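Coordinates in review
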Amino acid sequence: MPKRVCVIGAGAAGLAAAKHSLAKGLEVEVFEQTNRVGGTWVYSEQTGCHSSMYQDLKTNLPKEVMQYRDVPFRADLPSFLTHEDVLEYLQEFSTGLPINFNHTVESVERVNDQWKVTTHHGAGISETLFDIVFVCNGHYFEPNNPYEENDFKGTLIHSHDYRRAKDYVDQEVVVIGAGPSGIDIALQLSETAKKITLISRKATYPTLPKNITQISQHVKKVIAEGCETDDGTVITADTIIVCTGYFYKYPFLQDSILRVKENNQLVSPIFEHVVHAEYPDSLYFIGLNLVTITFPLFEYQVKMALGFATGSAPIPDRDTLIDYEKNQIEHQKSRGLETRFYHLLQSEQWDYLARIAKLGHFDEWPYMNTIENITQYLNEQRKSNVIGYKNINFQLSDNGMEYEVVRC
């Protein structure tokens, strides 16, 4: 009999896990807690829910970089997509997959040599045994808000609950954090708010709209009137939007199986950000990494995991699996990164992808060279023209190995 696979989550990572598991001849069940596929790409007017999507979001990466292998986005779409475009793509990709909607995974427990997965749904509670579990529940639903406790007299939210710029007409808004969400939200607010102050050590963009002021410092604390930076500068505000990332969270796994360390920002013990070091032939985590190309990376991670699960690729020895965490912490320190950035890949993602392809004994995708070239080009464009880089369109050659930049 084929091995039974449980996939937790029907977002982009979960759909990749299900699709490739079925292609290997495995028996698959996907459990999704909501009533539709898409995960973080599902927009909701409701705040405090799973979705972190805002109304007018455009992707930070172009469709030429985001696509699954051999499944391009629609040719008539621009390179930078709306969340509706991405959700439509994922819905089409999910066609025919065995997804159980409105099923919340309550627990995943080890029973002999299998995993007992307990789910809660409209008909009650179910317990099912699986040989393999893919954890694909995402990491954009548990906000990391270091300023949650405060005396601020105005409104303070995490970017998780930001929905639209028109809610901040004529306001003075402080945006804490200048990563992808922080700068994106600040630029949207420039169309409606009176004044935006972008505060972060990363706030060093060369050109921004006139009503955005950058302060390249850390916010020491939130006070009644607004924010105070490390040097004592006070910035008043009507609203503060905190863009400081998210925590990893796995409420269905006991601490005896999985630990989330370093202020909930390091998932342990995991080999190559995917493979559980104690259960390398059966428990996998897809999409933990930060600052990556997402969908193609998910596929690579799934394929490596399936190589280990099916025996088509040898599992590294136990010492290698266990020592990975210690070595990765030291490696990140050598890059000048704190341990909380354990899962950050950024410029190292290309070597990482090549490495896990080798570990998983599968051929690399030749088009990945084009993805890398486009990504590196965009990194430079984003630094020099953060306002306009999303107006760029790319045109691929017939074989997909070359690209041309088309500006609109």
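Residues numbered from 1 in each chain as written. Predicted model: local features only at pLDDT ≥ 70, side-chain atom pairs only at ≥ 80, totals over all residues. Heavy atoms only, no water.

- Looking up the chain in an unreviewed UniProt entry gives the name Flavin-containing monooxygenase, with the organism given as Caenorhabditis briggsae.
- Quoted verbatim from the Cofactor (unreviewed entry) field of UniProt, the annotation for the chain is "FAD".
- Regarding the chain, the relevant UniProt record gives this comment under Sequence similarities (unreviewed entry): "Belongs to the FMO family." (UniProt positions renumbered as here; feature names shortened; annotations may be inferred.)

What to know about the overall build of the chain
- For the chain, the count of helices and strands is eight helices and 22 strands.
- Its C-alpha radius of gyration of 22 Å places the chain within 12% of the 22 Å reference for a compact globule of 408 residues.
- Projected onto its principal axes, the C-alpha coordinates of the chain cover approximately 65 × 50 × 45 Å.
- Out of the 408 residues belonging to the chain, those deemed buried represent 53%.
- If you take every contact in the chain between residues at least 6 apart in sequence, the share linking residues at least 24 apart comes to 60%.
- Carbon and sulfur atoms provide 46% of the accessible area of the chain, an area that totals close to 18,300 Å². (Helix = DSSP H or I, 4+ residues; strand = E, 2+ residues; numbered from the N terminus. Rg over C-alpha atoms; globule rule 2.2 N^0.38 Å. Buried < 20%, exposed > 50% of the residue type's maximum accessible area, 1.4 Å probe, protein only. Contact = heavy atoms within 4.5 Å. Areas by Shrake-Rupley, 256 points an atom, 1.4 Å probe, with all protein chains shown as cover.)

Comments concerning the sheet that holds strand E9 (residues 172-176)
- With parallel pairing, five strands are arranged side by side in an open sheet as E8-E15-E9-E10-E11. Of all strands in the sheet, those with a lone pairing partner are strand E8 (155-158) and strand E11 (212-215), marking the two edges. With direction set aside, neighbouring strand axes in the sheet form an average angle of 20°.
- Examined bridge by bridge, E8 and strand E15 (residues 239-242) share four bridges and lie parallel to one another. (Pairing = 2+ DSSP bridges. Axes fitted to C-alpha atoms, helices over the stretch in contact; angles between N-to-C directions.)

A short note on helix H6 (residues 318-334)
- For H6, built from 17 residues, the straight-helix expectation of 24 Å at 1.5 Å per residue is met to within 8% by its first-to-last C-alpha distance of 25 Å.
- The principal kink in H6, of about 40°, is found at Tyr324.
- Turning to H6, its buried residues number three or more, namely Leu321, Tyr324, Glu325, Gln328, Ile329 and Gln332.
- Where H6 is buried, its residues touch strand E16 (259-261), strand E17 (266-268), strand E18 (270-271) and helix H7 (349-360).
- Of the residues one or two after H6, Gly336 is the one with positive phi, at around 80°. (Expected span 1.5 Å × (residues − 1). Bend = angle between axes of the 7 residues up to and from the residue.)

What to know about the pattern of salt bridges
- Tallied over the entire structure, the rule returns 20 salt bridges.
- The partner of Lys333 in a salt bridge is Glu330, and the shortest N-O contact between them spans 3.9 Å. With Lys333 and Glu330 both in helix H6, this residue pair falls three residues apart, about one helical turn.
- With a relative accessible area of 48%, Lys333 lands in the partly exposed category.
- On the basis of relative accessibility, which here comes to 47%, the residue Glu330 falls in the partly exposed class.
- Bridged by salt links that share partners, the residues Arg4, Glu27 and Glu29 form one connected network. (Salt bridge = Lys/Arg side-chain N within 4 Å of Asp/Glu carboxyl O.)

Notes on the domain arrangement of the chain
- Entries for the chain in the domain assignment read domain 1 (4-141 + 246-368) and domain 2 (145-242).
- If you average the C-alpha positions of domain 1 and of domain 2, the two centres end up 31 Å apart.
- Taken residue by residue, the interface counts 20 residues in domain 1 and 12 residues in domain 2.
- Both faces considered, domain 1 and domain 2 share a buried interface measuring about 1,200 Å² in area, 40% of it formed by carbon and sulfur atoms. (Domains from an automatic or database assignment. Buried area = accessible area lost by both parts, 1.4 Å probe.)

Examining the nonpolar core
- Among the nonpolar cores identified, the biggest contains 95 residues, and Phe134, Leu189 and Phe295 are the most heavily contacted of them.
- With 10 residues, the top contributor of residues to this core is helix H5 (residues 295-310).
- For this core, the domains that each give at least three residues are domain 1 (4-141 + 246-368) and domain 2 (145-242).
- Residues contacting Phe295, with those up to four places away along its chain left out, are Ala12, Trp41, Met66, Gln67, Tyr68, Phe73, Val86, Tyr89 and Leu90.
- Core analysis: the second largest hydrophobic core is formed by 21 residues, Val117, Leu253, Leu258 and Ile270 among them. (Core = buried A, V, L, I, M, F, W, Y, C linked by side-chain atoms within 4.5 Å.)

Thoughts on the packing of helix H1 (residues 12-23) against H5
- In the contact formed by H1 and H5, the axes pass within 9 Å of each other and the chain directions differ by 45°. Viewed along their axes, H1 and H5 adopt a mutual orientation that is oblique. Where H1 crosses over H5, the handedness of that crossing is right-handed. For the pair H1 and H5, the contacting residues are Ala12, Ala13, Ala16, Ala17, His20 and Ser21 in the first and Phe295, Phe298, Glu299, Val302, Lys303 and Leu306 in the second. (Parallel < 35°, antiparallel > 145°, perpendicular 65-115°, else oblique. Left-handed = near helix turned anticlockwise from the far one by under 90°.)

A word on the packing of aromatic side chains
- Per the stated rule, a full pass over the model turns up 21 aromatic pairs.
- Between Tyr54 and Tyr162 the ring centres are 5.3 Å apart and the planes differ by 70°, which places this aromatic pair in the edge-to-face class. One end of the pair, Tyr54, is in the loop between strand E2 (27-31) and helix H2 (63-66); the other, Tyr162, is in the loop between E8 and E9, and 108 residues separate them in sequence.
- Taking the relative accessible area as the measure of exposure, Tyr162 reaches 0% and is therefore buried.
- Three or more aromatic residues joined by ring pairs make a cluster, and in this case those are Tyr68, Phe73, Tyr89, Phe93, Phe295 and Phe298.
- In this structure, Lys19 packs its charged tip against the face of Phe93, placed 4.4 Å from the ring centre.
- Here Arg110 stacks its cationic end above the ring of Trp115, 4.6 Å away from the centre of that ring. (Phe/Tyr/Trp six-rings, centres within 6.5 Å; stacked < 30°, edge-to-face > 60°. Lys NZ or Arg CZ within 6 Å of the ring centre and 35° of its normal.)

Re the sheet that holds strand E4 (residues 104-111)
- On the basis of which strands lie adjacent, the open sheet formed by three strands has the order E4-E5-E6 and antiparallel pairing. One side of each edge strand has no neighbouring strand; the edge strands of this open sheet are E4 and strand E6 (124-130). For this sheet the average axis-to-axis angle between neighbouring strands, irrespective of direction, equals 20°.
- Looking at chain direction, E4 and strand E5 (residues 114-121) are connected through seven bridges and run antiparallel. Following the sheet pairing, Val108 is matched in E5 by Val117.

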